[in-house]
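# Analysis of the macromolecular model
What follows is each chain in one-letter form.
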Amino acid sequence: MDILNGTGAAPAGDLIKDGSEATFMADVVEASQQTPVIVDFWAPWCGPCKTLGPLLEEAVIAARGAVKMVKINVDEAQMIASQLRVQSIPTVYAFYKGQPIDAFQGALPGSEIKAFVDKVIAAAGGESPGGRLDEAVEAAEEMLAQGAAVEAAQTFAAILGEDLNHAAAYGGLVRSHIALDDLDQAEAILNGAPAEISTSPELEAAFAQLELAKQAADAGPVGELQAAVEANPGDHQARFDLAQALHAGGQVQEAVDQLLELFRRDREWNDGAAKAQLFTIFDALKPNDPVVLNGRRKLSSMIFA
């Protein structure tokens, strides 16, 4: 059952079928008048076809009836393959209103296959579950930004109930628990991430935020650390601790400035701790954040000076 809107998925048997030259008109041309149809040209001897086929079927099933799929063995449908100029396999066509509207050749990774299916659905004027889930993620992010972390966590969890590999929702769930100061749960969720998305930018950002949240729990008083740095500007540990305390207090730009100054004074101190901490802060922010853009530019100018 669809957690977000209560609709169920169409049975796989209604969405995916084996086609032939005899059934091509009915299965593809006529059927695509109502719903886009993806045609997978394959053969039993084709190695890449064995990889692509299941991924394509998975994406079609996940689309919950917004698109259908017909599998055609080119060895048994050479006339159709010739008419569509299928020169190598796997070759995939998308039909809508009886006409091909998109195509690709060769095996693709799962993410690109999903993107292809979503694009076909959109071209036919439909809405893919992926697009609907992305809208739900935006709503949950707004909740989180407004301080409603519990409601945000519930929404992110509902999205993951439909698509466990939705990296944005997974990262959002981790960040929701960080906002609730439940760092152990945030870490447990992060450690349980599916391998397919474990290195995604969304989870990398959540990991960075978790590391910074852990540091915040041990951060010292800003005033005392500020005084220590002013009394001895060469006290690198005090400056590093001050940067952590500033970040814990929400003074991100000030924290970056202190780390840049530490890097300028001694880039190799504590195995390059200043640079590593800067990257952790940058990873936790959006790539287009001015703090990130300016900080990376300043750091680069120091590195290559």
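Residues numbered from 1 in each chain as written. Predicted model: local features only at pLDDT ≥ 70, side-chain atom pairs only at ≥ 80, totals over all residues. Heavy atoms only, no water.

## Section: the state of the cysteines
- For the coordinates displayed, the defined rule picks out 1 disulfide.
- Across a sulfur-sulfur distance of 2.3 Å, Cys 46 and Cys 49 are joined as a disulfide pair. Measuring handedness by torsion sign, the sulfur bridge of Cys 46 and Cys 49 sits at about 85 degrees and is right-handed.
- For Cys 46, a relative accessible area of 3% gives the class buried.
- For Cys 49, a relative accessible area of 7% translates into the label buried. (Disulfide = S-S within 2.5 Å. Buried < 20%, exposed > 50% of the residue type's maximum accessible area, 1.4 Å probe, protein only.)

## A closer look at the packing of helix H12 (residues 236-248) against helix H14 (residues 269-284)
- Relative orientation of the contacting elements H12 and H14 amounts to 15 degrees, with a least axis distance of 11 Å. With respect to their mutual orientation, H12 and H14 come out roughly parallel. Note that H12 runs across H14; the crossing there is left-handed. Together, His 236, Gln 237, Phe 240, Gln 244 and His 247 of H12 and Trp 269, Ala 273, Ala 274, Gln 277 and Ile 281 of H14 make up the contact between the two elements. (Axes fitted to C-alpha atoms, helices over the stretch in contact; angles between N-to-C directions. Helix = DSSP H or I, 4+ residues; strand = E, 2+ residues; numbered from the N terminus. Parallel < 35°, antiparallel > 145°, perpendicular 65-115°, else oblique. Left-handed = near helix turned anticlockwise from the far one by under 90°. Contact = heavy atoms within 4.5 Å.)

## A closer look at the nonpolar core
- Of all hydrophobic cores here, the largest spans 27 residues; its most connected members are Phe 156, Ile 159, Tyr 170, Val 174, Ile 178 and Leu 203.
- For this core, the elements supplying multiple residues, two or more each, are helix H6 (129-145), helix H7 (149-162), helix H8 (167-179), helix H9 (183-191) and helix H10 (201-217).
- In this structure Val 174 touches Ala 186, Ile 189, Leu 190 and Ala 206, once residues within four positions along its chain are discounted. (Core = buried A, V, L, I, M, F, W, Y, C linked by side-chain atoms within 4.5 Å.)

## Regarding the pattern of salt bridges
- Counted under the stated rule, the structure contains 11 salt bridges.
- A salt bridge links Glu 211 to Lys 214; the nearest nitrogen and oxygen atoms lie 3.7 Å apart. Placement of both Glu 211 and Lys 214 in helix H10 is noted, with a separation of 3 residues, approximately one turn of the helix.
- Here Lys 214 falls in the partly exposed class, since its relative accessible area comes to 29%.
- In this structure, Glu 261 and Arg 265 form a salt bridge, with 2.9 Å as the shortest nitrogen-oxygen distance. One end of the pair is Glu 261 and the other is Arg 265, both in helix H13 (residues 252-265) and 4 residues apart, which spans about a single turn.
- The exposure class assigned to Arg 265 is partly exposed, which follows from its relative accessible area of 38%.
- Residues joined in a network through salt bridges with shared partners are Asp 18, Glu 57 and Lys 71. (Salt bridge = Lys/Arg side-chain N within 4 Å of Asp/Glu carboxyl O.)

## Re the pairing of strand E5 (residues 99-105)
- As paired elements, strand E4 (residues 91-96) and E5 share 6 bridges and run antiparallel to each other. Across the sheet, the residue bridging to Tyr 96 is Gln 99, located in E5.
- Linkage of E4 to E5, two consecutive antiparallel strands, is achieved through a turn of 2 residues, within which Lys 97 is found at a positive phi near 55 degrees. (Pairing = 2+ DSSP bridges.)

## Re the packing of aromatic side chains
- Counted according to the given criterion, the structure contains 6 aromatic pairs.
- Between Phe 41 and Tyr 93 the ring centres are 6.3 Å apart and the planes differ by 85 degrees, which places this aromatic pair in the edge-to-face class. Within this pair, whereas Phe 41 is found in strand E2 (residues 37-42), its partner Tyr 93 is found in strand E4, the two being separated by 52 residues in sequence. Each member of the pair, Phe 41 as well as Tyr 93, is classed as buried.
- Each residue in the set Phe 24, Phe 41, Tyr 93 and Phe 95 is aromatic and connected to the rest through ring pairs, giving one cluster. (Phe/Tyr/Trp six-rings, centres within 6.5 Å; stacked < 30°, edge-to-face > 60°.)

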